[in-house]
Amino acid sequence: MAFELPALPYEKNALEPYISAETLEYHYDKHHRACVIRLNQLVEETADADKSLEAIITSSSGRLFDQAAQVWNHTFYWHCLSPKGGGTPGGALAEAIEAEYGGFESFKQAFNDMAVDNVGSGWTWLIKTDEDGLAITNSDDADCPIAHGLTPLLTVDVREHADCIDYRDARRKHLENIWKIVNWDFVAQNFA
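It should be emphasised that the depicted structure is a prediction, and the values quoted were computed from it without experimental measurement.

A. Region of the structure containing the environment of Leu81. The residue Leu81 is located in the loop between helix 3 (62-79) and helix 4 (91-101) in this model. What makes Leu81 buried here is its relative accessible area of 3%. Sequence-wise, Leu81 and Pro9 are 72 residues apart; in three dimensions their C-alpha atoms are separated by 8.9 Å. Apart from the residues lying within four places of it in its own chain, the contact partners of Leu81 are Tyr10, Leu15, Ile19, Ile178, Ile181 and Asn183.

B. Broad picture of the sheet that holds strand 3 (residues 151-157). The three strands are arranged 2-1-3 in an open sheet whose pairing can be described as antiparallel. Of all the strands in the sheet, the pair left with one neighbour each is strand 2 (134-140) and strand 3. Between one strand axis and the next, the sheet turns through 25° on average, direction left out of account. Taken together, the six bridges between strand 1 (residues 122-128) and strand 3 define a ladder with antiparallel strand orientation. Looking at strand 3, one finds that Trp125 is bridged to Thr155.

C. Layout of the packing of aromatic side chains. According to the stated counting rule, one finds 16 aromatic pairs in the structure shown. With a centroid separation of 5.0 Å and 45° between ring planes, the pair formed by Tyr77 and Trp78 is classed as tilted. Looking at Tyr77, the relative accessible area reads 1%, which means it is buried. Taking 6.1 Å as the distance between ring centres and 15° as the angle between the ring planes, the aromatic pair formed by Trp179 and Trp184 counts as stacked. Across the pair, Trp184 and Trp179 agree in class, each one buried. Each member of the aromatic cluster is reached from another via a ring pair, and the members are Tyr28, Trp72, Phe76, Tyr77, Trp78, Trp123, Trp125 and Phe186.

D. Just unusual backbone geometry, in detail. Of the consecutive residues Glu16 and Pro17, the connecting peptide bond is found in the cis state with omega at 10°. Mapping Pro17 onto the fold places it in the segment before helix 1 (21-43). Backbone geometry places Glu45, a non-glycine residue, at a positive phi of 60°. Considering the arrangement of structural elements, one finds Glu45 in the loop between helix 1 and helix 2 (53-59). Overall, the relative accessible area of 79% leaves Glu45 in the exposed class.

E. Inspection of the pairing of strand 2 at higher detail. Where strand 1 meets strand 2, seven bridges bridge the pair, whose relative direction is antiparallel. Counted as the bridge partner of Trp125 is Thr137 from strand 2. If you look at the hairpin formed by strand 1 and strand 2, you'll find five residues sitting between the two strands, and Glu131 has a positive phi there, around 60°.

F. Spatial organisation of the side chain of Gln70. Locating Gln70 in the fold gives a position in helix 3. In terms of polar contacts, Gln70 uses its side chain to reach the side chain of Trp123, at 3.5 Å. With residues near it in sequence (within four places) discarded, Gln70 still touches Cys35, Trp123, Asp141, Ala142 and Arg159.

What counts, and where the lines are drawn
Residues numbered from 1 in each chain as written. Predicted model: local features only at pLDDT ≥ 70, side-chain atom pairs only at ≥ 80, totals over all residues. Heavy atoms only, no water. Helix = DSSP H or I, 4+ residues; strand = E, 2+ residues; numbered from the N terminus. Buried < 20%, exposed > 50% of the residue type's maximum accessible area, 1.4 Å probe, protein only. Contact = heavy atoms within 4.5 Å. Pairing = 2+ DSSP bridges. Axes fitted to C-alpha atoms, helices over the stretch in contact; angles between N-to-C directions. Phe/Tyr/Trp six-rings, centres within 6.5 Å; stacked < 30°, edge-to-face > 60°. Polar contact = N/O pair within 3.5 Å; in protein donor to acceptor, adjacent residues only side chain to side chain.

Shown next, in the form of structure tokens:
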């Protein structure tokens, strides 16, 4: 069973002006696709060929882990964004943000600060903690919460390919704009 590049949940120009079609052509068509190709090369004719991404992530290390986790992380990331996104979350997720961070603006500031301080390549995550709490965490390179038994709710890719075309590596500006396209329905579904 070969892994396939999952379709984007929207057209490549749907996130404009916040993320351009050019960025998605590079980030999704080239980078994400390359991770899928390398993953398939690594699992070909091995016992891992019939495993799910999640099973590979939780049972492997090294190059195999890196490629599987990057495929999973990117797929998750695309669903965290939506052309109909933005605004603020509601329901239980909004209550959890209020309880943990004292309000949505404080949460956004904490998330952006964590993402700006994520040196090198990696991801910034909102995760669900025990007892329905929340935490913001950074991961390096391909690492992801599911590798540690944690529930990811939202992620932002903080590698240079995520913001170099549209923002010329101005990470904070990229992060300010990402909130205009966050798919809160997807994040709330993960929280539930």
